[in-house]
Amino acid sequence: MRLSNERIKELQVLLKELYGLEYDAEEAQEAGLAIMRFVIVKTQRQRELTNKKMETNNV
């Protein structure tokens with residue numbers, strides 16, 4: 001999976017404005033994919049915790 005050129009440019013702007021980081025397109029691509037992986041894992045973990053909580057309350 002790869003981010004579009006438009007998304008890469010948007011990410012480069014955010015990284016510069018928020019963190020003072022000047023990433024080239026490939027570095028921004030890697031950072032964007034890492035962010036996406038993190039969000040996916042975090043969302044899956046939250047879903048698992050919610051499901052466990054619901055199962056515990058239903059027992």
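See above for the structure.
Parameters at a glance
- Residues numbered from 1 in each chain as written.
- Predicted model: local features only at pLDDT ≥ 70, side-chain atom pairs only at ≥ 80, totals over all residues.
- Heavy atoms only, no water.
- Core = buried A, V, L, I, M, F, W, Y, C linked by side-chain atoms within 4.5 Å.
- Buried < 20%, exposed > 50% of the residue type's maximum accessible area, 1.4 Å probe, protein only.
- Helix = DSSP H or I, 4+ residues; strand = E, 2+ residues; numbered from the N terminus.
- Contact = heavy atoms within 4.5 Å.
- Expected span 1.5 Å × (residues − 1).
- Arc of directions from axis to C-beta.
- Salt bridge = Lys/Arg side-chain N within 4 Å of Asp/Glu carboxyl O.

**With respect to the nonpolar core**
Alright, step 1. Among the nonpolar cores identified, the biggest contains six residues, and these are Leu3, Ile8, Leu11, Leu15, Ala28 and Leu33.
Alright, step 2. Those elements that provide at least two residues to this core are α1 (5-19) and α2 (25-58).
Alright, step 3. Discounting residues that sit within four places of it in the chain, isoleucine 8 has contacts with Leu3, Ala25, Ala28 and Gln29.

**A short note on α1**
Alright, step 1. For α1, with 15 residues, the first-to-last C-alpha span of 21 Å sits near the 21 Å given by 1.5 Å per residue.
Alright, step 2. Every buried residue belonging to α1 is among Ile8, Leu11 and Leu15, and all of these are buried. The buried residues of α1 occupy an angular sector of 60° when projected down its axis, which confines them to one face. Turned more than 90 degrees away from the buried face of α1, the exposed residues are Glu6, Lys9 and Glu17.
Alright, step 3. Against the buried residues of α1 lie α2.

**So, the pattern of salt bridges**
Alright, step 1. Taken as a whole and judged by the stated rule, the model has three salt bridges.
Alright, step 2. For the salt bridge of arginine 2 with glutamate 26, the shortest nitrogen-to-oxygen distance reads 3.2 Å. Pair noted here: arginine 2 is in the segment before α1 and glutamate 26 is in helix α2, with a separation of 24 residues, a long-range link.
Alright, step 3. Here glutamate 10 ties to arginine 7 by a salt bridge, and the two come within 2.7 Å at their closest N and O atoms. With glutamate 10 and arginine 7 both in helix α1, this residue pair falls three residues apart, about one helical turn.
Alright, step 4. Judged by relative accessible area, which is 36%, glutamate 10 ranks as partly exposed.
Alright, step 5. Here arginine 7 falls in the partly exposed class, since its relative accessible area comes to 47%.

Structural measurements only, silent on function.
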